[in-house]
Each structure stands twice: as structure tokens, then as C-alpha cells.
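Structural overview for review
Chain by chain, the residues:
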Amino acid sequence: WDRENGRLYRVRYGDAKSTKLDLPSRSDADLVAALADSNAFIARQAQRILQERSATGSLDKSATEAALTAFEAENAGSTPLLLRAFWTRHVTGTMNGDQMMAALRDEDEYVRGWAVQLALPNAATIPVFESMARSENSLWVRRHLAAKLQELPLDARWLLAEGLVSHGRSVNDPNIPLLSWYGIEPLVESDTPRAFALADRTPWQLLKDFVSRRAATSSQGREAILLSLSQTQKPDEFVKRAGALLGALKKLPAVDPPEKWPAAKSQGAKFSKKNERVAQVLSRLGARFGDEEFFPEWRAVALNQKAKLGGRREAMDLLIAGRDPELAEVARTLLDHPGMKLAAIRAMRTAPSVNSAEVLVAKLDQLDLNLRNEAINLLASRPEMALVLLQAVDDDRLEPSLISPVMLDQFDLFENEKIDALIAANWTRGGAGVDLDQLHAAMEEWKEKLDPMTIARADASRGRQAYMMTCGTCHQLFGEGIAMGPDLTGSNRADLGYVLENVLAPNAVVGKDYQLNVFTMKDGATVSGMVQSQTPEFYKVSMPGGVLVDVKKADVANRLEMSQSLMPAGLFDALPLSQVADLVKYLASPQQVPLPGEAPPAAKNQDAAPRKIDPHARFYEAESLVAKYPVDSGTLISQRMTSFGDGWSGNRQLFWRDGQPGDIYTMKLDGLAPGTVDLIVHPTSAKDYAIVKFAINGQLREVDLYNPGVSLGEPIEFKGVNISPREPLQIDVHIIGQNPSAMKDRFFFGIDRFEIRRKESADANAMKSKKTAQADSAL
């Protein structure tokens, strides 16, 4: 490639001549003969031309059929050539039913597999598929049969599925169990008892677990599981099935008590007298299903300050799920217990009251930012609780800055005169936004206010503080803030015009994913935010501050989708000009700046070796996953690392504390282009960190993260990780123990970042760097 003029040159050795093809001028029979060419390119082109002729109606089908028959007879011993003929019959429409049925019974496994893939499901082929599923030994063919499940009507899948899951050898195949599950999954809801019967007959434990988890997401499925529990004759089997149900329920919001719970409880009680494991799982199910017999036991665990934190939090989760009538009193007590404040606030949501609001307001300014957002969103759910909060501001017991402009807009939804009066007395509100016809004039006015001299005098560090109280309640920048709206890090934020356009007219263009949804509940409460996802029973709503709330559809009186952004209109009007300038300067920062009074990261450790960064790698900040993927046990936060020296990108990490051995944290990296990459995990190590096991695409790595001091651990490399075009990359972290020298009963875990390198040679990278340097020099 001559970069001076853009010309491309071909280099060849000697006088080699280009191959001249005359395929388009050949007859149909000659093209069939070309399928045997040793050059696969020519064979493919011949097949393509035959397909085009068939599509345009110019193919002589009788001549082509005769040529294909002769071709198959002549090459009967060559599987590749027979497959070329088979594919050509398929694309030219010269395949009849008898030929397809013969291919399904062919001696060669590859011909049978392709026949399964290309055959249309009908009354003739479906019984053959079912027979093959029972008797076929080739994993290649079984893989295509498993994929075929999804093409069949639901009621026609059962026999094929039963044949597939009865095959013991398939359990170790990397594809067949999952392909089978994709076809079976809709059957669980359509006929749950039959799906359980199918799972009971398979040797695939993975399928058994999947069926239980999927069944637990519907009321019909939960009833079927409890029916099976009530009929169980062995304690171990009871524990196994009940444990699978509990595991699935952990990932769901509180559900209504199933009708068949008393029967399952009675059967479990028979086993629990002699089996402690049955007693434990029965107690957990009972509390989760609202059985008051089990509440006192879990209240005692939650209030026991000598018990392990993980157990106390589990107790609160069970009491919340079961809607314990004494939960509010327990929650108010736990607001003073370290490590239990978040559980207490979430418990108050199930039993809101003015009494709880007064206790919460009294401790609001003592809570950290995440807990404060949880508390304020709870207080904003009901007008009587919001009044307690706003009255505390009016009485000078709380600073007005504790309440963000976003939250003030949420209070407006109550249309309450007392609330409106308290807001007007304590806050300067922005307007309703700038009309698009006046946007240009308003932008010019603000550009004059924010002239270069004003921005030069502004302080980006103070702007970072202002950001956390305004934009940071819904957006992330440099990994800091709440990932509710779009991430601002990669936006055009250095352009003042871009910033002004979005702040002055936030409702001009609102993406559907960021529209405000207002839920009015049957009990009078209000929940407003963005709908992240939904199931047949629940909406998962993301509220300002990153708080996630599960809204039960049956409890919703009205849902209003508003074509407006959660971003408050008139944000700049509500702030002093100096604070607006600080915020604008921070938004334009090319990298993170220290908070006021905080030393720059480089000053912490002048002797630290610079971090080597591959310029061709992509970095994925682990802390950005905190809001997206919560943990089932323990606490997950985005932890600031500036006090631990240099080296952490963005000066933050994903930090998981209070997990226990056996706990698993699942996160996913989305937005990765399909292909094969090398993934490097950059963990943190410290004296209270655990021994963990990473599981990524079947690759396992066990790592001891113990270290006497706090530092970045050794990078963990996973070679040749496949990125699917349809699914994000899943990473599972298992806590498996701790170093004997580690702090006892502390199983902490942290990740700074993930590094993704495409499969590209070092020479290629070096060449890219050299060419870039040459281009820079020329410029």
C-alpha cells in the first residue's frame, strides 16, 4: 500500500498467470461437475451460480437432477463431495422428501447431521428426529438435534427433548446440554409437572438445576416444586430440591406464599426431627413464604451482634421477603448496628411509617452516600414520610444539600401543598427548561457567563464535589457516580455547547431506555424511575442514586410513562454561578481530579513504578459493574483507593466484603466485539482478602489474594477467551477460603480493572506503533 498516493500493489513470484474463470458461461451439468474441483473456491462459485439460476427460473432442473445423481454415484466414497451435492440440492430446490429422509438415515454422521439441520419439521420428519434422539450415538448429530428443538412447536418438543436428555455421554459435550435447555426452557412454564418429570429422568445435573430455577420464577412453577417436596420420601432429596428452590428465590423479590407450602412443610417436619439440614432449609423457606412460626428465630439472628454479618443479613432478607409484621421495629434497631444499616433501610420499605421516617431522618447525615440515596428514595415514596424529611431541612436539622435537584423533582409528583411550600422555602428551583426555539439564545447567554476567564478561575476539585450531588446521582464519570443514565466519560463533555444543550433542554430528546416511569401503588405509595427489566410478576425500577426497587405488578394501580428525562430542568439556574463554573470545568477534565484537600494520586508514592499499559488493549473498569450486578450475599461497593498509593486506574476498585466461602459473585462484560481475546484480570491483594476461584468460559484460576499490605495483585491472564456475538462475557468469582496468615473470618475481594487484548501478534502491534510514530512525525 503506497500511502503517498493510495495505490495498492500485488507482488508475485515469476511469471505466474492469474486464473481465468468462465463458470457463468458453463452449462448446469458442467457446474455440477465443477463441485468436485480441488479448489474449494471454484466449487463454491459453481454452487452459487446454480442457486442464482434456480432463483431466477433459468435452471434446467431435470438436467441438474440427472447430473447430481451421477455425481453422487461417482463420488459415493467421499463425504466432502457428497455434502457439496447435498447442499447444492438444498439451495437449488432439487431435494425431494424421499432424498431428505434417506439422508436422515445415511451411514455417515456428517450427512445425517446436515440433514437434521436442513430438514423442515413436519409430520414426516419429527418422528424421525425423535427416534434419532433415542438411538443416535454421534455427538455431532445430537448437537443438531438439540438445536432443532427451538424450531418445533412447544407441544411437539417433548419426545425429542426426552430422547436428548436421556443420553449420558452428552453431559460432557460443551454445547448439547445448553442447546437442549434453550429448547426446553419454554416448556417449563407451559407444563411444569411434565418438565420436572423430564428433569428427574436425566443424568444431567445442570438441566435439573435449570428447570428448578426457571420454575421458581412463576407461581405455577413454585406450586409444582412444593408439590414435589410434599411427595419426597428421602431427607437428602428434600434438602436438594428445597435448596435449589431457595437458590432461585434468592434472585427474586418477595413472592406470595404458595398454596402447597403447608403440605411441603408437613413433609419436611417429619424429616427435620432427625436431620438438621432439613430443619435449616425448612426454616429458610418458611420465613421466605411468610410463615410466622419461623420469624422469631430469624429476628434473633438479625439482632445478634455476635453472629456473623453474612448470617444476620440473610436473616433480614428472609424477614423482608416474608413481610414479618415486626420488621419495622427490628429495622429501626439495626440502624445503629455497623454493617446492617442497608438491610435496615430496605426493610423499612416493606413497612413504611412516620415513626420510621423520623428515626431515619435523625441519622441521615451520618450515612454514607449510597445509604443516603437508599434512605432518601425510601422517604420520597410516601408524602407523609417526605414531609418528615423536608421539615427537618426547614428546622435546620439537615442541610438542604443532602437532597439533590433530581429528588426535588420526584417530590413534585405528590402534588402536596405542604411539600411544595417547604421546597419553595428552602430551595431555589430551576425553571421548566428552555424551549427549543429559545435554546440558541439561552446557550449564548450562558456562554457569556461562563467565559474563558470565569472557567480559568473555577476549581475542578470543587466541581467534582458539585458533580456528586447533581449529575453523579444518575451518571458515571471516571467510574464515579451512579450508572443509571448514560456514562459521561466518553461523551463530548469538553465542548461547552454540548454540555449546555443537554443541561438547558434535557427533555429535547429522551431515549426510551431513559424515560421516567411513575408507578402509583394501590396502597398510595409512589415509585418513580427507569424500568431496567421486568418479569411476568415484577418490574425492576432504577431510582435516582442507583437504588434498585422491585415493584410487584399486582400492586400497581397505575403506570405512567413520561416522555421526559430524569435529569432536572433548570439545573444551572438552581446553582450559584461559581458552582456552575466549577462543575463545567470538572466535566471537561481529561482525567479524574482529587477532591478538595485530597493530594493528587501521584504525590502519594513518588517512587512507585509507572504502570505499564498496552496501548492496543481495551480497559474495562471493574467498579463500573457495581450498580449493574449486585451480590447475593455481602456488600458490593465502588471503593476509593487514593489512600493506598498509586496504581489503581480511576483510583477506584470493585470491592466485595462480608462474603463467605461458597458464595459466588457473577458479573458480565458487555459491549465486547465477537471474537477471541486474551482477558487479564487486575485484582487487589491485602491481609484480609480471600482465596478465590475465577471461572471464565470454562477456564478456572484459583488465586490467593492475601498480602501483608494493600497493593495491586499479580495480573491473572485468561488466554483465548471466546466472546459471543449474542451474550455478554460472564465472569464468576467463587470464595473458597483464606490464607492461614489472613485476618480471621475476613473474605474480602477486589478488582481494579479488566484488560482485553485482541489476538494480535506483538510484531503487528509494534508495526502499528511504528507507523503511528511515522505519521505523527510527518504531521
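Residues numbered from 1 in each chain as written. Predicted model: local features only at pLDDT ≥ 70, side-chain atom pairs only at ≥ 80, totals over all residues. Heavy atoms only, no water.

Section: the overall build of the chain
- The helix and strand tally for the chain stands at 32 helices and 18 strands.
- Expressed as a percentage of its 779 residues, the buried residues of the chain come to 46%.
- Once local pairs closer than 6 in sequence are excluded, the contacts in the chain between residues at least 24 apart make up 68%.
- For the chain, the accessible surface area stands at approximately 38600 Å², while carbon and sulfur atoms represent 51% of it. (Helix = DSSP H or I, 4+ residues; strand = E, 2+ residues; numbered from the N terminus. Buried < 20%, exposed > 50% of the residue type's maximum accessible area, 1.4 Å probe, protein only. Contact = heavy atoms within 4.5 Å. Areas by Shrake-Rupley, 256 points an atom, 1.4 Å probe, with all protein chains shown as cover.)

Considering the environment of Ser353
- Within the fold, Ser353 resides in the loop between helix 20 (341-350) and helix 21 (354-362).
- Look at Ser353 and you get partly exposed, because its relative accessible area is 24%.
- Separated by 25 residues in sequence, Ser353 and Ala328 place their C-alpha atoms 8.5 Å apart.
- Leave out the neighbours within four places in its chain, and Ser353 touches Arg332 and Met385.

Observations concerning the nonpolar core
- Core analysis: the largest hydrophobic core is formed by 112 residues, its most contacted members being Leu285, Met316, Leu389 and Phe411.
- When residues no more than four places from it in sequence are discounted, the contact partners of Leu389 are Val361, Leu364, Ile376, Leu379, Leu398, Ile403 and Phe411.
- Counting 40 residues, the second-largest nonpolar core is a separate cluster that includes Phe655, Leu729, Ile735 and Phe748. (Core = buried A, V, L, I, M, F, W, Y, C linked by side-chain atoms within 4.5 Å.)

Side note on a positive patch on the surface
- The grouping of Arg10, Arg12, Lys17 and Lys20 at the surface amounts to a positive patch.
- Here Lys17 falls in the exposed class, since its relative accessible area comes to 70%. (Patch = residues over 30% accessible without salt bridge, like charges linked within 9 Å, V, L, I, M, F, W, Y side chains within 5 Å. Salt bridge = Lys/Arg side-chain N within 4 Å of Asp/Glu carboxyl O. Lys, Arg positive; Asp, Glu negative; His and termini not counted. Charge placed at Lys NZ, Arg CZ, Asp CG, Glu CD.)

Considering the packing of aromatic side chains
- With the rule as written, the count across this model stands at 13 aromatic pairs.
- Ring-pair connections join several aromatic residues into one group, and the members of that group are Trp656, Tyr665, Phe694, Phe718 and Phe749. (Phe/Tyr/Trp six-rings, centres within 6.5 Å; stacked < 30°, edge-to-face > 60°.)

A few points about the sheet that holds strand 11 (residues 664-669)
- On the basis of which strands lie adjacent, the open sheet formed by four strands has the order 11-17-13-14 and antiparallel pairing. Bordering the open sheet on either side are strand 11 and strand 14 (699-704), each of which pairs with just one other strand. Each strand of the sheet is rotated relative to its neighbour by a mean of 20°, with strand direction disregarded.
- The sheet contact formed by strand 13 (residues 691-696) and strand 14 spans six bridges and is antiparallel. The residue bridging Ile691 from the neighbouring strand is Asp704, located in strand 14. (Pairing = 2+ DSSP bridges. Axes fitted to C-alpha atoms, helices over the stretch in contact; angles between N-to-C directions.)

Examining the pattern of salt bridges
- Applying the stated rule across the entire model yields 37 salt bridges.
- Here Arg462 and Asp459 are joined by a salt bridge, their closest N and O atoms 3.5 Å apart.
- On the accessibility criterion, Arg462 (40% relative accessible area) is partly exposed.
- The exposure class assigned to Asp459 is partly exposed, which follows from its relative accessible area of 27%.
- Linking Lys628 and Asp670 is a salt bridge whose minimum nitrogen-to-oxygen distance equals 3.8 Å. Of this pair, Lys628 sits in the loop between strand 8 (618-621) and strand 9 (635-640) while Asp670 sits in the loop between strand 11 and strand 12 (675-685), placing them 42 residues apart in sequence.
- Exposure remark for Lys628: the relative accessible area of 39% places this residue in the partly exposed category.

Some thoughts on a nonpolar patch on the surface
- Judged by side-chain polarity, Leu178, Tyr182 and Leu206 come together as a nonpolar surface patch covering roughly 260 Å² of accessible area.
- Mapped onto the elements, Tyr182 comes out in helix 10 (residues 176-190).

Here we look at the side chain of Ser589
- Tracing the backbone through its elements, the reader meets Ser589 in the loop between helix 30 (577-587) and helix 31 (601-604).
- Engagement of the side chain of Ser589 in a polar contact is seen with the backbone oxygen of Lys585, the distance being 3.3 Å. (Polar contact = N/O pair within 3.5 Å; in protein donor to acceptor, adjacent residues only side chain to side chain.)

Quick word on the packing of helix 13 (residues 219-230) against helix 15 (residues 261-272)
- At a closest axis distance of 8 Å, the pairing of helix 13 and helix 15 adopts a crossing angle of 30°. The angle between helix 13 and helix 15 places the two elements in the roughly parallel class. At the point where helix 13 passes helix 15, the crossing takes the left-handed sense. Contacts between helix 13 and helix 15 involve Leu226, Leu229 and Ser230 from the former and Trp261, Ala263, Ala264 and Gln267 from the latter.
- Residues that form the contact of helix 13 with helix 15 fall into these classes: five nonpolar, two polar and no charged. (Parallel < 35°, antiparallel > 145°, perpendicular 65-115°, else oblique. Left-handed = near helix turned anticlockwise from the far one by under 90°. Nonpolar A, V, L, I, M, F, W, Y, C, P; charged D, E, K, R; others polar.)

Comments concerning the pairing of strand 17 (residues 729-737)
- Here six bridges tie strand 11 to strand 17, and the two strands are oriented antiparallel to one another. Residue Thr666 lies in a different strand from strand 17, and its bridge partner there is Asp732.
- Note that strand 13 and strand 17 share five bridges and pair antiparallel. Considered in strand 17, the bridge of Ala695 is made with Asp732.

Considerations on the packing of helix 13 against helix 14 (residues 235-250)
- Where helix 13 meets helix 14, the closest approach of the two axes is 10 Å, and the angle between their N-to-C directions is 160°. Relative to helix 14, helix 13 is oriented roughly antiparallel. In terms of crossing hand, the pair formed by helix 13 and helix 14 is left-handed. Only Phe238, Arg241, Ala242, Leu245 and Leu249 of helix 14 make contact with helix 13, whose side of the interface consists of Arg222, Ile225, Leu226, Ser228 and Leu229.
- In terms of residue class, the contact of helix 13 with helix 14 is made up of seven nonpolar, one polar and two charged.

Comments concerning helix 5 (residues 97-104)
- Those residues of helix 5 that sit buried are Met100, Met101, Ala103 and Leu104. The buried side chains of helix 5 occupy one side of the element, clustering within an arc of 160° when seen end-on.
- Check the buried side of helix 5 and you find it contacts helix 4 (79-92), helix 6 (109-118) and helix 7 (125-135).
- Two or three places before Asp98, at the start of helix 5, stands the capping residue Asn96, its side-chain oxygen 3.2 Å from that residue's backbone nitrogen. (Arc of directions from axis to C-beta.)

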